[in-house]
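# Chain and residue survey
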Amino acid sequence: MRFRHPDGSLVHLAYCTNVHPAETLDAVVAQLRDHCEPVRRRLGRDRLGIGLWLAKDAALALENDPHAVGALRAELDRRGLEVVTLNGFPYEGFGSQQVKYRVYKPDWADPERLRHTTALARILAGLLPDDIAEGSISTLPLAWRTVADPARMETARTALRTLGARLDALAEMTGRSLRVGLEPEPGCVIETTADALTPLTDIAHARIGICVDTCHLATSFEDPHTALDGLVRAGVPLVKSQLSAALHAEQPHRPEVREALAAFAEPRFLHQTRTLTAAGRHGTDDLGDALQDGSLPDTAPWRTHVHVPLHAAPAAPLTSTLPVLSTALTRLVGGPHPLTRHLEVETYTWQALPTTLRPRTRAQLADGIAAELALARDLLTDLGLKELP
(Lines give C-alpha, C1' and ligand atoms only; values in the text may rest on other atoms or scores of the structure.)
Protein backbone atom coordinates (compact mmCIF):
# COMPACT_ATOMS: atom_id res chain seq x y z
CA MET A 1 0.00 0.00 0.00
CA ARG A 2 1.32 3.40 -0.94
CA PHE A 3 0.73 6.70 0.83
CA ARG A 4 1.63 10.26 -0.03
CA HIS A 5 3.22 12.11 2.86
CA PRO A 6 2.39 15.83 3.15
CA ASP A 7 5.97 16.58 2.07
CA GLY A 8 5.26 14.81 -1.24
CA SER A 9 7.31 11.66 -0.60
CA LEU A 10 6.00 8.09 -0.83
CA VAL A 11 5.53 5.96 2.29
CA HIS A 12 5.07 2.21 1.80
CA LEU A 13 3.00 -0.09 4.01
CA ALA A 14 3.36 -3.87 3.68
CA TYR A 15 2.71 -6.99 5.71
CA CYS A 16 5.43 -9.53 6.38
CA THR A 17 5.04 -12.98 4.85
CA ASN A 18 6.94 -14.77 7.61
CA VAL A 19 3.44 -15.43 8.97
CA HIS A 20 3.20 -17.97 6.09
CA PRO A 21 6.53 -19.81 6.48
CA ALA A 22 7.76 -21.06 3.11
CA GLU A 23 11.19 -22.65 2.77
CA THR A 24 11.33 -23.19 -1.01
CA LEU A 25 10.76 -20.97 -4.01
CA ASP A 26 7.74 -23.05 -5.07
CA ALA A 27 6.23 -22.55 -1.62
CA VAL A 28 6.84 -18.78 -1.84
CA VAL A 29 4.98 -18.65 -5.16
CA ALA A 30 2.14 -20.69 -3.64
CA GLN A 31 1.82 -18.31 -0.70
CA LEU A 32 1.34 -15.38 -3.07
CA ARG A 33 -1.69 -17.19 -4.49
CA ASP A 34 -3.06 -18.75 -1.31
CA HIS A 35 -2.51 -15.93 1.18
CA CYS A 36 -1.24 -12.60 -0.16
CA GLU A 37 -3.65 -12.12 -3.05
CA PRO A 38 -6.70 -12.94 -0.86
CA VAL A 39 -5.57 -10.26 1.63
CA ARG A 40 -5.30 -7.75 -1.20
CA ARG A 41 -8.79 -8.59 -2.41
CA ARG A 42 -10.26 -8.17 1.08
CA LEU A 43 -8.81 -4.67 1.22
CA GLY A 44 -10.23 -3.80 -2.20
CA ARG A 45 -6.78 -2.84 -3.47
CA ASP A 46 -5.38 -3.16 -6.97
CA ARG A 47 -1.90 -3.35 -5.45
CA LEU A 48 -0.69 -4.56 -2.07
CA GLY A 49 2.80 -4.37 -0.59
CA ILE A 50 4.27 -7.43 1.04
CA GLY A 51 7.43 -7.71 3.12
CA LEU A 52 8.78 -10.89 1.63
CA TRP A 53 10.59 -13.47 3.75
CA LEU A 54 12.94 -15.64 1.70
CA ALA A 55 14.42 -18.61 3.56
CA LYS A 56 17.87 -19.95 2.67
CA ASP A 57 16.66 -22.47 0.08
CA ALA A 58 14.29 -20.03 -1.64
CA ALA A 59 17.02 -17.37 -1.79
CA LEU A 60 19.52 -19.86 -3.22
CA ALA A 61 17.08 -20.87 -5.93
CA LEU A 62 16.63 -17.23 -6.92
CA GLU A 63 20.35 -16.51 -6.73
CA ASN A 64 21.36 -19.51 -8.87
CA ASP A 65 18.81 -19.14 -11.66
CA PRO A 66 19.18 -15.94 -13.70
CA HIS A 67 15.57 -16.18 -14.85
CA ALA A 68 13.98 -16.97 -11.48
CA VAL A 69 13.93 -13.41 -10.11
CA GLY A 70 12.19 -12.16 -13.26
CA ALA A 71 9.66 -14.98 -13.02
CA LEU A 72 8.93 -14.15 -9.37
CA ARG A 73 8.60 -10.48 -10.25
CA ALA A 74 6.10 -11.40 -13.00
CA GLU A 75 4.13 -13.53 -10.52
CA LEU A 76 3.99 -10.62 -8.07
CA ASP A 77 2.69 -8.35 -10.82
CA ARG A 78 0.09 -10.92 -11.84
CA ARG A 79 -1.19 -11.16 -8.26
CA GLY A 80 -1.31 -7.37 -7.75
CA LEU A 81 1.56 -7.47 -5.26
CA GLU A 82 4.76 -5.47 -4.88
CA VAL A 83 7.91 -5.79 -2.79
CA VAL A 84 10.08 -2.94 -1.52
CA THR A 85 11.28 -4.63 1.66
CA LEU A 86 12.49 -8.06 2.76
CA ASN A 87 12.62 -9.61 6.21
CA GLY A 88 16.13 -11.04 6.34
CA PHE A 89 16.13 -11.91 10.07
CA PRO A 90 15.07 -15.60 10.06
CA TYR A 91 17.44 -17.72 7.96
CA GLU A 92 15.50 -20.98 7.77
CA GLY A 93 13.10 -23.14 9.74
CA PHE A 94 10.77 -20.35 10.84
CA GLY A 95 7.82 -22.70 10.43
CA SER A 96 9.38 -25.41 12.60
CA GLN A 97 7.63 -26.75 15.66
CA GLN A 98 10.35 -25.21 17.82
CA VAL A 99 12.15 -22.08 16.64
CA LYS A 100 13.23 -20.44 19.92
CA TYR A 101 16.99 -19.62 19.89
CA ARG A 102 17.52 -21.08 16.41
CA VAL A 103 16.25 -17.85 14.84
CA TYR A 104 19.49 -16.10 15.83
CA LYS A 105 21.68 -18.39 13.71
CA PRO A 106 23.71 -17.79 11.67
CA ASP A 107 24.65 -14.50 13.30
CA TRP A 108 26.78 -11.71 11.88
CA ALA A 109 30.02 -13.36 13.03
CA ASP A 110 29.25 -16.29 10.71
CA PRO A 111 30.25 -15.70 7.05
CA GLU A 112 27.00 -17.32 5.93
CA ARG A 113 24.97 -14.38 7.28
CA LEU A 114 26.90 -11.97 5.04
CA ARG A 115 26.55 -14.28 2.04
CA HIS A 116 22.81 -14.72 2.58
CA THR A 117 22.11 -11.01 3.11
CA THR A 118 24.14 -10.08 0.04
CA ALA A 119 22.03 -12.52 -1.97
CA LEU A 120 18.84 -10.99 -0.56
CA ALA A 121 19.99 -7.53 -1.63
CA ARG A 122 20.68 -8.67 -5.19
CA ILE A 123 17.29 -10.39 -5.33
CA LEU A 124 15.47 -7.34 -3.98
CA ALA A 125 17.14 -5.12 -6.58
CA GLY A 126 15.45 -7.30 -9.21
CA LEU A 127 12.06 -7.36 -7.48
CA LEU A 128 11.58 -3.62 -6.88
CA PRO A 129 8.79 -2.03 -8.94
CA ASP A 130 9.98 -0.07 -11.96
CA ASP A 131 9.08 3.28 -10.38
CA ILE A 132 10.80 2.57 -7.04
CA ALA A 133 14.56 2.90 -6.59
CA GLU A 134 14.89 2.23 -2.85
CA GLY A 135 14.57 -1.07 -0.99
CA SER A 136 15.16 -2.23 2.56
CA ILE A 137 16.09 -5.41 4.40
CA SER A 138 15.80 -6.05 8.14
CA THR A 139 18.26 -8.36 9.88
CA LEU A 140 19.18 -9.65 13.32
CA PRO A 141 20.99 -7.28 15.72
CA LEU A 142 24.47 -8.81 15.45
CA ALA A 143 23.90 -11.91 17.63
CA TRP A 144 22.28 -13.42 20.71
CA ARG A 145 23.99 -11.95 23.76
CA THR A 146 25.51 -15.19 25.14
CA VAL A 147 27.81 -15.63 22.12
CA ALA A 148 28.88 -12.00 21.98
CA ASP A 149 32.57 -12.10 22.90
CA PRO A 150 34.60 -9.08 21.67
CA ALA A 151 36.37 -10.96 18.86
CA ARG A 152 33.11 -12.28 17.39
CA MET A 153 31.48 -8.86 17.57
CA GLU A 154 34.40 -7.24 15.76
CA THR A 155 34.01 -9.92 13.09
CA ALA A 156 30.32 -9.04 12.89
CA ARG A 157 31.00 -5.33 12.49
CA THR A 158 33.58 -6.07 9.78
CA ALA A 159 30.99 -8.18 7.94
CA LEU A 160 28.52 -5.30 8.03
CA ARG A 161 31.12 -2.88 6.68
CA THR A 162 31.72 -5.34 3.84
CA LEU A 163 27.98 -5.50 3.25
CA GLY A 164 27.85 -1.71 3.05
CA ALA A 165 30.52 -1.72 0.35
CA ARG A 166 28.63 -4.40 -1.57
CA LEU A 167 25.43 -2.36 -1.36
CA ASP A 168 27.32 0.65 -2.73
CA ALA A 169 28.51 -1.45 -5.66
CA LEU A 170 25.03 -2.83 -6.25
CA ALA A 171 23.59 0.69 -6.36
CA GLU A 172 26.19 1.75 -8.91
CA MET A 173 25.51 -1.29 -11.05
CA THR A 174 21.68 -1.34 -10.90
CA GLY A 175 20.60 2.17 -9.94
CA ARG A 176 18.73 0.62 -6.98
CA SER A 177 19.57 1.86 -3.49
CA LEU A 178 19.35 -0.92 -0.89
CA ARG A 179 19.71 -0.43 2.86
CA VAL A 180 19.89 -2.96 5.70
CA GLY A 181 18.53 -2.32 9.19
CA LEU A 182 19.60 -4.12 12.37
CA GLU A 183 16.48 -4.93 14.38
CA PRO A 184 16.94 -4.51 18.16
CA GLU A 185 15.39 -7.42 20.04
CA PRO A 186 15.27 -8.35 23.73
CA GLY A 187 18.05 -10.75 24.67
CA CYS A 188 20.30 -9.86 21.75
CA VAL A 189 23.58 -7.93 21.72
CA ILE A 190 21.50 -4.97 20.57
CA GLU A 191 18.42 -5.17 22.76
CA THR A 192 17.34 -1.52 22.57
CA THR A 193 17.75 1.41 20.21
CA ALA A 194 20.28 2.88 22.67
CA ASP A 195 22.33 -0.32 22.35
CA ALA A 196 22.44 0.24 18.58
CA LEU A 197 24.10 3.64 18.72
CA THR A 198 27.70 2.56 19.38
CA PRO A 199 27.93 -0.33 16.86
CA LEU A 200 26.13 1.58 14.11
CA THR A 201 28.17 4.75 14.56
CA ASP A 202 31.27 2.52 14.59
CA ILE A 203 30.22 0.85 11.32
CA ALA A 204 29.38 4.33 10.01
CA HIS A 205 27.88 3.42 6.66
CA ALA A 206 24.86 5.21 5.19
CA ARG A 207 23.35 1.93 3.96
CA ILE A 208 23.59 0.16 7.35
CA GLY A 209 21.07 1.41 9.89
CA ILE A 210 18.23 0.29 12.12
CA CYS A 211 14.84 -1.37 11.82
CA VAL A 212 12.59 -0.27 14.69
CA ASP A 213 10.15 -3.01 15.68
CA THR A 214 7.48 -1.43 17.89
CA CYS A 215 6.78 -4.70 19.74
CA HIS A 216 10.44 -4.97 20.73
CA LEU A 217 10.53 -1.25 21.58
CA ALA A 218 7.56 -1.69 23.91
CA THR A 219 8.78 -4.96 25.45
CA SER A 220 11.98 -3.17 26.51
CA PHE A 221 9.93 -0.28 27.95
CA GLU A 222 11.57 2.23 25.64
CA ASP A 223 9.86 5.59 25.25
CA PRO A 224 9.27 6.02 21.48
CA HIS A 225 10.12 9.73 21.40
CA THR A 226 13.32 9.28 23.42
CA ALA A 227 14.37 6.28 21.35
CA LEU A 228 13.71 7.81 17.94
CA ASP A 229 15.11 11.22 18.85
CA GLY A 230 18.31 9.50 20.01
CA LEU A 231 18.68 7.74 16.67
CA VAL A 232 18.11 10.98 14.77
CA ARG A 233 20.65 12.88 16.87
CA ALA A 234 23.23 10.14 16.31
CA GLY A 235 22.64 10.18 12.55
CA VAL A 236 21.63 6.50 12.48
CA PRO A 237 19.66 5.70 9.30
CA LEU A 238 16.09 4.55 10.08
CA VAL A 239 15.83 1.96 7.35
CA LYS A 240 12.36 0.61 8.18
CA SER A 241 9.89 0.06 10.99
CA GLN A 242 7.94 -3.06 11.80
CA LEU A 243 4.51 -2.24 13.19
CA SER A 244 3.74 -4.76 15.91
CA ALA A 245 2.31 -4.92 19.43
CA ALA A 246 3.49 -6.75 22.55
CA LEU A 247 1.51 -8.32 25.38
CA HIS A 248 1.06 -6.11 28.46
CA ALA A 249 0.16 -7.33 31.96
CA GLU A 250 -0.50 -4.45 34.34
CA GLN A 251 -0.65 -6.52 37.57
CA PRO A 252 1.41 -9.70 37.04
CA HIS A 253 1.23 -10.64 40.74
CA ARG A 254 -2.48 -11.45 40.47
CA PRO A 255 -3.31 -15.15 39.93
CA GLU A 256 -5.85 -14.44 37.20
CA VAL A 257 -3.27 -12.36 35.30
CA ARG A 258 -0.67 -15.11 35.51
CA GLU A 259 -3.24 -17.62 34.33
CA ALA A 260 -4.05 -15.44 31.32
CA LEU A 261 -0.36 -15.02 30.53
CA ALA A 262 0.24 -18.76 30.76
CA ALA A 263 -2.03 -19.27 27.76
CA PHE A 264 0.56 -17.40 25.63
CA ALA A 265 3.53 -19.52 26.78
CA GLU A 266 4.10 -22.00 23.95
CA PRO A 267 6.98 -24.10 22.59
CA ARG A 268 7.53 -22.58 19.16
CA PHE A 269 8.79 -19.01 19.61
CA LEU A 270 10.83 -17.27 22.28
CA HIS A 271 8.71 -14.85 24.32
CA GLN A 272 11.15 -12.63 26.18
CA THR A 273 9.50 -10.93 29.16
CA ARG A 274 10.56 -7.66 30.76
CA THR A 275 9.58 -5.40 33.65
CA LEU A 276 10.76 -1.92 34.61
CA THR A 277 11.14 -1.11 38.30
CA ALA A 278 12.84 1.68 40.22
CA ALA A 279 15.96 -0.50 40.20
CA GLY A 280 15.97 -0.77 36.39
CA ARG A 281 14.87 -3.21 33.70
CA HIS A 282 14.69 -6.93 34.50
CA GLY A 283 13.91 -9.81 32.21
CA THR A 284 13.76 -13.47 31.36
CA ASP A 285 14.43 -15.17 28.05
CA ASP A 286 10.97 -16.74 27.91
CA LEU A 287 7.52 -16.20 29.37
CA GLY A 288 7.44 -19.67 30.90
CA ASP A 289 10.56 -18.84 32.92
CA ALA A 290 8.98 -15.65 34.24
CA LEU A 291 5.88 -17.50 35.34
CA GLN A 292 7.60 -20.54 36.87
CA ASP A 293 10.87 -19.62 38.55
CA GLY A 294 9.94 -16.37 40.27
CA SER A 295 13.06 -14.62 38.96
CA LEU A 296 11.15 -11.67 37.49
CA PRO A 297 9.80 -9.06 39.94
CA ASP A 298 6.01 -8.85 39.73
CA THR A 299 5.48 -5.53 41.51
CA ALA A 300 5.43 -3.60 38.22
CA PRO A 301 3.84 -4.34 34.82
CA TRP A 302 5.26 -7.06 32.58
CA ARG A 303 5.59 -6.89 28.82
CA THR A 304 6.11 -9.98 26.72
CA HIS A 305 7.48 -10.44 23.22
CA VAL A 306 4.31 -11.85 21.68
CA HIS A 307 3.31 -10.18 18.43
CA VAL A 308 -0.41 -9.90 19.14
CA PRO A 309 -2.79 -8.89 16.31
CA LEU A 310 -2.93 -5.12 16.01
CA HIS A 311 -6.69 -4.86 15.65
CA ALA A 312 -7.65 -7.33 18.40
CA ALA A 313 -6.36 -6.60 21.90
CA PRO A 314 -6.22 -9.64 24.17
CA ALA A 315 -9.06 -10.11 26.60
CA ALA A 316 -8.85 -8.60 30.08
CA PRO A 317 -6.93 -8.70 32.33
CA LEU A 318 -4.27 -8.41 29.56
CA THR A 319 -3.85 -5.63 27.02
CA SER A 320 -1.51 -4.88 24.11
CA THR A 321 1.05 -2.14 23.56
CA LEU A 322 -0.80 -0.67 20.58
CA PRO A 323 -0.51 2.83 22.16
CA VAL A 324 3.29 2.52 21.93
CA LEU A 325 2.97 1.65 18.24
CA SER A 326 0.69 4.64 17.67
CA THR A 327 3.08 7.02 19.45
CA ALA A 328 6.06 5.66 17.52
CA LEU A 329 4.24 5.96 14.21
CA THR A 330 3.39 9.58 14.96
CA ARG A 331 7.07 10.32 15.43
CA LEU A 332 8.12 8.19 12.44
CA VAL A 333 5.84 9.69 9.80
CA GLY A 334 3.72 12.37 11.47
CA GLY A 335 6.28 15.15 11.29
CA PRO A 336 7.18 17.49 8.43
CA HIS A 337 9.22 14.69 6.84
CA PRO A 338 9.07 10.91 7.42
CA LEU A 339 11.94 9.39 9.37
CA THR A 340 11.44 6.19 7.37
CA ARG A 341 9.44 5.40 4.25
CA HIS A 342 9.12 1.64 4.77
CA LEU A 343 6.54 0.30 7.24
CA GLU A 344 5.77 -3.40 7.68
CA VAL A 345 3.05 -5.04 9.78
CA GLU A 346 4.73 -8.08 11.29
CA THR A 347 2.42 -10.36 13.26
CA TYR A 348 4.01 -13.75 12.63
CA THR A 349 2.50 -15.42 15.70
CA TRP A 350 -1.05 -16.02 14.44
CA GLN A 351 -0.65 -19.81 14.57
CA ALA A 352 1.12 -19.69 17.96
CA LEU A 353 -1.60 -17.74 19.77
CA PRO A 354 -3.80 -19.47 22.35
CA THR A 355 -6.02 -21.99 20.59
CA THR A 356 -9.17 -19.90 20.98
CA LEU A 357 -7.54 -16.98 19.18
CA ARG A 358 -5.96 -18.84 16.27
CA PRO A 359 -7.52 -18.64 12.82
CA ARG A 360 -8.87 -22.04 11.81
CA THR A 361 -8.87 -21.48 8.06
CA ARG A 362 -6.95 -19.56 5.43
CA ALA A 363 -9.95 -17.29 5.06
CA GLN A 364 -9.91 -16.39 8.75
CA LEU A 365 -6.19 -15.67 8.61
CA ALA A 366 -6.66 -13.44 5.57
CA ASP A 367 -9.47 -11.62 7.37
CA GLY A 368 -7.20 -10.98 10.35
CA ILE A 369 -4.24 -9.73 8.31
CA ALA A 370 -6.51 -7.46 6.28
CA ALA A 371 -7.96 -6.05 9.51
CA GLU A 372 -4.45 -5.30 10.81
CA LEU A 373 -3.53 -3.50 7.59
CA ALA A 374 -6.79 -1.54 7.70
CA LEU A 375 -5.95 -0.37 11.22
CA ALA A 376 -2.44 0.68 10.14
CA ARG A 377 -3.92 2.45 7.12
CA ASP A 378 -6.29 4.40 9.36
CA LEU A 379 -3.44 5.43 11.67
CA LEU A 380 -1.52 6.75 8.67
CA THR A 381 -4.42 8.69 7.19
CA ASP A 382 -5.16 10.18 10.61
CA LEU A 383 -1.62 11.55 10.54
CA GLY A 384 -2.33 13.32 7.26
CA LEU A 385 -0.95 10.80 4.78
CA LYS A 386 -3.05 10.17 1.68
CA GLU A 387 -3.67 6.63 0.53
CA LEU A 388 -2.83 6.16 -3.15
CA PRO A 389 -4.51 3.74 -5.60
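Please read these numbers as outputs of a predicted model, since none were measured by experiment.

## Topic: the sheet that holds strand β10 (residues 273-277)
One open sheet accounts for five strands, arranged β11-β10-β12-β9-β13; its pairing is antiparallel. Looking at which strands have only one partner, the edges of the open sheet turn out to be β11 (280-284) and β13 (318-320). Geometrically, the sheet is characterised by an average inter-axis angle of 30° between neighbouring strands, direction not taken into account. Sheet topology note: the β10/β11 ladder contains five bridges and is antiparallel. Across the sheet, R274 pairs through a bridge with G283, a residue of β11.

## Some remarks on the side chain of T273
When you line up the elements, T273 lands in strand β10. A distance of 3.2 Å separates the side chain of T273 from the backbone oxygen of H271, its partner in a polar contact. The residues contacting T273, other than those within four sequence positions of it, are H282, G283, T284, D286, L287, A290, L296, W302, R303 and T304.

## Concerning the nonpolar core
Membership of the largest hydrophobic core comes to 115 residues, with the highest contact counts inside it found for L13, Y15, L54 and L373. A per-element tally of this core places helix α12 (residues 362-382) first, with eight residues.

## Quick word on empty space enclosed by the protein
One pass over the structure, following the stated rule, counts five cavities of 30 Å³ or more. By volume, the largest cavity is sized at about 170 Å³. Lining the largest cavity we find 18 residues, and of these F94, V103, E185, H305 and Y348 sit closest to its centre. Class assignment of the residues belonging to the lining of the largest cavity gives a composition of nine nonpolar, five polar and four charged. Each pocket or cavity is described by its volume, and for the second largest cavity that value is around 60 Å³. Along its surface, the second largest cavity is lined by E134, G135, S136, R179, V239, T340, R341 and H342. Among the elements that make up the lining of the second largest cavity, the one with the highest residue count is strand β5 (residues 134-139) (three residues). Of the residues assigned to the lining of the second largest cavity, the class counts are one nonpolar, four polar and three charged.

Thresholds, definitions, all that
- Residues numbered from 1 in each chain as written.
- Predicted model: local features only at pLDDT ≥ 70, side-chain atom pairs only at ≥ 80, totals over all residues.
- Heavy atoms only, no water.
- Pairing = 2+ DSSP bridges.
- Helix = DSSP H or I, 4+ residues; strand = E, 2+ residues; numbered from the N terminus.
- Axes fitted to C-alpha atoms, helices over the stretch in contact; angles between N-to-C directions.
- Polar contact = N/O pair within 3.5 Å; in protein donor to acceptor, adjacent residues only side chain to side chain.
- Contact = heavy atoms within 4.5 Å.
- Core = buried A, V, L, I, M, F, W, Y, C linked by side-chain atoms within 4.5 Å.
- Buried < 20%, exposed > 50% of the residue type's maximum accessible area, 1.4 Å probe, protein only.
- 1 Å grid on protein atoms, 1.4 Å probe; cavity = no way out; pocket = protein on both sides within 12 Å on 5 of 7 lines; lining within 4 Å.
- Points joined across faces, edges and corners; volume = space filled by probe spheres on them.
- Nonpolar A, V, L, I, M, F, W, Y, C, P; charged D, E, K, R; others polar.

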